[in-house]
Amino acid sequence: VQLQASGGGLVQAGGSLRLSCAASGSISSIDTMGWYRQVPGKQRELVAGISRYSTRTYADSVKGRFTISRDNAKKTVYLQMDSLKPEDTAIYYCNIDGLVGFRYENYWGQGTLVTVSS
């Protein structure tokens, strides 16, 4: 099972980026999908999550600016990030609970760097 994240980069404050994370391999179904971020020296934190029923959860710091969505057919989760701030600078990781065989397992993507300049 692999998670391929993309879409990170350098953007000015106030700008937008869209992250994507596609799952591949022996996953027959995906439950929760989410995005986390981590800054060096700090703990990884949840940014946004989306359940199989499309119930969404957001960190308070990104509410109203970020939108998480998913495409089940493509096994892909997206994070639309608008009105970006310098404090959004971090490595962003996708995370899924995927059904492999008869068990749900948790998987992480490799991370994609988002840098917001002031």
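Provided above is the structure to which this section pertains.
The text that follows walks through the structure, step by step, so that each part is easy to find. Treat the numbers as computed from the prediction; the structure is a model and nothing was measured.

What counts as what
Within each chain, residues carry numbers counting from 1 in the order of the written sequence. Owing to the predicted nature of the model, reporting of local features is limited to residues with pLDDT of at least 70; listing and counting of side-chain atom pairs is limited to 80 or more, with chain, interface and lining totals taken over all residues. Hydrogen atoms and water are omitted, and side-chain values are computed over all heavy atoms in the structure. Helix and strand definitions here come from DSSP, where helices need a minimum of 4 consecutive H or I residues and strands a minimum of 2 consecutive E residues; each element is numbered from the N-terminal end. For this analysis, a polar contact is any N or O atom pair within 3.5 Å, provided that within protein one partner can donate a hydrogen and the other can accept it, and provided that sequence-adjacent residues contribute only side-chain to side-chain pairs. What makes two residues a contact is simply this: any of their non-hydrogen atoms within 4.5 Å. Note on terminology: a nonpolar core comprises buried Ala, Val, Leu, Ile, Met, Phe, Trp, Tyr and Cys residues joined through side-chain atoms within 4.5 Å. Burial classes: relative accessible area under 20% of the type maximum marks a residue as buried, over 50% as exposed, and values in between as partly exposed (1.4 Å probe, protein chains only). For two strands to be treated as a pair, DSSP must find no fewer than two bridges joining them. In what follows, a disulfide is any cysteine sulfur pair within 2.5 Å.

1. Brief notes about the side chain of Asn-95
Next up, step 1: Tracing the backbone shows Asn-95 in strand 9 (residues 90-100).
Next up, step 2: Polar side-chain contacts of Asn-95 include one of 2.8 Å to the side chain of Asn-106.
Next up, step 3: Among residues more than four places away in sequence, those in contact with Asn-95 are Leu-3, Thr-32, Met-33, Gly-34, Tyr-36, Asn-106, Tyr-107 and Trp-108.

2. Some remarks on the nonpolar core
Next up, step 1: If you look at the biggest cluster of nonpolar residues, it comprises 29 residues, and the most contacted ones within it are Trp-35, Leu-79, Met-81 and Tyr-92.
Next up, step 2: Of all the secondary-structure elements, those providing two or more residues to this core are strand 1 (2-6), strand 3 (17-24), strand 4 (29-38), strand 5 (45-50), strand 7 (66-71), strand 8 (76-81), strand 9 and strand 11 (112-117).
Next up, step 3: When residues no more than four places from it in sequence are discounted, the contact partners of Leu-79 are Leu-17, Arg-18, Leu-19, Trp-35, Val-47, Ala-48, Phe-66, Thr-67, Ile-68 and Tyr-92.

3. Some words on the pairing of strand 11
Next up, step 1: Residues of strand 11 alternate between two faces, with Thr-112, Val-114 and Val-116 buried on one and Leu-113, Thr-115 and Ser-117 left unburied on the opposite face.
Next up, step 2: Here four bridges tie strand 2 (residues 9-12) to strand 11, and the two strands are oriented parallel to one another. Note on strand 11: the bridge partner recorded for Val-11 is Val-116.

4. Here we look at the state of the cysteines
Next up, step 1: Enumeration according to the criterion identifies one disulfide in this entry.
Next up, step 2: Between the sulfur atoms of Cys-21 and its disulfide partner Cys-94 the distance amounts to 2.0 Å. In this structure, the disulfide formed by Cys-21 and Cys-94 twists by about 50° around the S-S bond and is classed as right-handed. Of the two residues, Cys-21 sits in strand 3 while Cys-94 sits in strand 9, which places them 73 residues apart along the sequence.

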